[in-house]
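Residue-level listing of the chains:
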Amino acid sequence: MAYTRKNVTALTRAERRRFVDALLRVKRRGEYDEFVRTHIEYYTSDGENGLRAAHMAPSFLPWHRRFLLELERALRRVDPSVTVPYWDWTRDRTPVSAPWTEDLMGGNGRRSDRQVTTGPFAYAHGAWTINEGVTDGKFLTRDLGRARDPIDLPTRSELDRALKDPAYDSAPWDSTVTRGFRNKLEGWGTGRGSVSWRNHNRVHRWVGGAMVGGASVNDPVFWLHHAFVDLQWSRWQRRHRGARYLPASPPGAGDPQHGRVVARHQRMPPWDVTPDELEDVSRIYRYA
Ligand code: CU
Ligand code: CU
């Protein structure tokens, strides 16, 4: 039987506690930091050489889908009732709305050093030390809305612009494509600075602190954000019946993207799974 991922605002008090407890237990067992390391390892950009599996590439969606499933499996090993909730940032748009409450993600970072001091992931509570970071900071940081240079979360209409695109992705399959659902959702836009961050990328920037960069998994809101991004893939499929993951076959030997992107039936590292196998997850979970 497929299990359900819920909107974080729909969780009962007990469900919130069990979700947070499961995260803390997975962290205590050392498993959580393995997720952080994996994400850092796969944080390759299209300015670098080699295969891009996780970002700036078509497999952005299946890669994070599988990554989320792995975390969810780890959580369900410690508490089989837990699933990853999603944060609908088109509705819950302020630093005091869900999921920034004391019993879930905790609140904003304090002004002086952006340290998160409230909620279960506050450093002082002793259960959430950053071990795998791109800096030496031991505490979780946030700068919700970017106090010094404010930006807003993406809007419903910006998300709709991505969902409207009937093509999953298009050549050259990187961060520069202006056509295709994948990059419109991943959010590498044109222009400089904050105007170029759209949808998924813009949310990482809006949260700020640890959520910016390869070690963003250190902020557990990463999973709530990516569950909502994952939900958009399902919505896009429903809206464009028969539309499939692209590219269907690998770019040829003369193509600059040869060997740099994962095609529909190719293995997507670090797992032994193809994008094709992750297009339909209705037997594993569904969204409420
Ligand atoms: Cu990522
Ligand atoms: Cu992300």
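These lines cover the structure that appears in this document, whether it is placed above or below. (Residues numbered from 1 in each chain as written. Chains lettered and ligands numbered in written order. Predicted model: local features only at pLDDT ≥ 70, side-chain atom pairs only at ≥ 80, totals over all residues. Heavy atoms only, no water.)

Some details on unusual backbone geometry
Worth spelling out the cut-off: Each helix is a run of H or I in the DSSP string that is no shorter than four residues. Each strand is a run of E no shorter than two, and both are numbered from the N terminus.
Look at the link from Ala98 to Pro99: it is a cis peptide, with omega at 5°. Of the consecutive residues Pro269 and Pro270, the connecting peptide bond is found in the cis state with omega at 5°. Its place among the elements puts Pro270 in the loop between α7 (221–239) and α8 (275–278). Positive phi outside glycine occurs at Asn199, with the angle close to 35°. Mapped onto the elements of the fold, Asn199 is located in helix α6 (residues 199–207).

Section: the coordination of the copper ion (ligand 1)
As a reminder of what qualifies: Sites may look incomplete, because water is not among the atoms used; the donor set itself consists of N, O and S atoms within 2.8 Å of the metal (3.2 Å for Na, K and Ca). We call a residue buried when its accessible area falls under 20% of the maximum for its residue type, exposed when it is over 50%, and partly exposed in between, using a 1.4 Å probe and counting protein chains only.
Every protein donor of the copper ion (ligand 1) is listed here as His39 (NE2), His55 (NE2) and His64 (NE2), and their distances to the metal cover 2.0 to 2.1 Å. For the pair the copper ion (ligand 1) and the copper ion (ligand 2), the metal-to-metal distance amounts to 4.0 Å. Here the residue His39 occupies a position in helix α2 (residues 31–41), and His64 occupies one in helix α3 (residues 60–78), the gap between them amounting to 25 residues. In this structure, His39 and His64 share a single accessibility class: buried.

Let's talk about empty space enclosed by the protein
The rolling of a water-molecule-sized probe over the atoms marks out the regions of remaining empty space. Filter applied, for reference: Using a grid of 1 Å spacing that covers the protein atoms alone, one calls a set of points a cavity when a 1.4 Å probe fits there but cannot get out, and a pocket when the set is open and has protein on both sides within 12 Å along at least five of seven lines; lining residues are those with an atom within 4 Å of a point. Grid points are joined across faces, edges and corners, and a volume is the space filled by probe spheres set on the points. Basically, the charged four are Asp, Glu, Lys and Arg, the nonpolar ten are Ala, Val, Leu, Ile, Met, Phe, Trp, Tyr, Cys and Pro, and anything else, Gly included, counts as polar.
For the structure shown, the criterion picks out one cavity of 30 Å³ or more. By volume, the largest cavity amounts to about 30 Å³. Where the lining of the largest cavity is concerned, the elements lending two or more residues are α3 and α7. Considering each element in turn, the lining of the largest cavity owes the most residues, four residues, to α3. Taken together, the residues that form the lining of the largest cavity break down as three nonpolar, two polar and two charged.

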